[in-house]
Structure formats: structure tokens, C-alpha cells
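So you can see what is in the structure, the chains are spelled out below.
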Amino acid sequence: MATGRTDPQRRERILAATLDHIAEEGVVGVSHRKVAGRAGVPLGSMTYHFSGIDDLLREAFTLFADHIVAVFELYLGRAGTPDEAREAVTDLIHVLSEGPRRDLVLTQELYTLAARRDEYRELTHAWMNRSRRLLEQHFEPDTARQLDALIEGLALHRSLDTEPQSRELTRLAVRRMTSGA
């Protein structure tokens, strides 16, 4: 095992291992020992880099939220017209629902934690605000707020449904929500 001086990516490996562990076993199973083993780092690295399990979870989930916001940025950043923005939202729903199951599990684990504990609710609130700001580049604030919920809801339903709705039905839902009627 490398020492801290020759292992500048140790902290990032710990965070990635935390997310992997949560995706496989849930938040309830997170411990310093399990994450250190998964990351291949000495147990002492955990308390050197993180003040406790909550600090570790907050930082790992922040990293995950950054990842999802980057996906929003990628798709919405290409849109130049209202129709392109609608298509970007449709694409987002399908990419998120058809993407790695890991992302779906991590999202739900974070939401469950946020439903129980205010400090994680603050994290999800910040994440939603970032997503909404990106949507507001193309849509009115109230519409952006509803679109954010539509994206998450349809992505969840599509990922869990045995017969997910078609792209055309998703496109229709987005158009209805953004038509202003």
C-alpha cells in the first residue's frame, strides 16, 4: 500500500469506494473498515481524511450529485432553441433511466437519507437548485422546477418498469409541460 505522500488520489478513491459500497449494500452498511478495505487504504486514512461517517457520506453524495449535474450540463448545454431544450430533457430522462443501475440506487439512497435527516435534505436541495438553474436557461423558473421533478420521476419509473414508456411518450410529456398551455 502506498503512503499518503505517494498516493495523492487516496481521498478520491475513498469517496469512490464509499459510493460503490452504498450502491451494493446501502447506506446502512457503510463503515470506515468496509470502505477502507474496498478502497485499498489503511484504516487510519479514513479518520485522516474525514471527521466521521457523516462527513464521508456528505462528501461522497456531493460527488455523486456533481456527476448528475454534469450530465444535465452536457445535455442542456447543447440546446440552443426551445425545441432543442425539450429534446435535451427527453434525452436526459432516457439517459438517466437507461444508465447505470448504480446511479439509480445512489439517488434513491440519498433521497431516503434526506427524508430522514435534515443535513442530507440540504444536500439534495442544493443539487435540485443546480439542476433547476440549468433548466432555467431554457424554461421559466416554475416550469424548470416541474421539469426537474418530471425528469426524476420519469427516469425512476422508466428504470423500474418492465415495459418502460417510449421516447415518443416522454417527448409528449415534456412538450405538454413546456407548451405554456
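Refer to the structure presented above.
Summary of the structure given here.

Procedures and definitions
- Residues numbered from 1 in each chain as written.
- Predicted model: local features only at pLDDT ≥ 70, side-chain atom pairs only at ≥ 80, totals over all residues.
- Heavy atoms only, no water.
- Helix = DSSP H or I, 4+ residues; strand = E, 2+ residues; numbered from the N terminus.
- Buried < 20%, exposed > 50% of the residue type's maximum accessible area, 1.4 Å probe, protein only.
- Contact = heavy atoms within 4.5 Å.
- Areas by Shrake-Rupley, 256 points an atom, 1.4 Å probe, with all protein chains shown as cover.
- Lys, Arg positive; Asp, Glu negative; His and termini not counted.
- Charge placed at Lys NZ, Arg CZ, Asp CG, Glu CD.
- Salt bridge = Lys/Arg side-chain N within 4 Å of Asp/Glu carboxyl O.

Attention shifts here to the overall build of the protein chain. The secondary structure content of the protein chain amounts to 9 helices and 0 strands. Reading the protein chain from its N end, one meets helices and strands in the order α-α-α-α-α-α-α-α-α. Overall size of the protein chain, expressed as C-alpha extent along the three principal axes, is 60 × 35 × 30 Å. For the protein chain, with 181 residues in total, the buried portion stands at 41%. Looking at the protein chain alone, contacts between residues at least 24 apart form 65% of all its contacts between residues at least 6 apart. For the protein chain, the exposed surface amounts to about 9,900 Å²; the carbon and sulfur share of it is 53%. Across the protein chain, the centroid of the 24 positively charged side chains sits 3 Å from that of the 28 negatively charged ones.

Within the structure shown, the criterion is met by 17 salt bridges. Ionic pairing is found between Asp 83 and Arg 175, a salt bridge with its closest N-O pair at 3.2 Å. Here Arg 175 lies in helix α9 (residues 167–178) and Asp 83 lies in helix α5 (residues 82–98), a separation of 92 residues in the sequence. For Arg 175, a relative accessible area of 41% translates into the label partly exposed.

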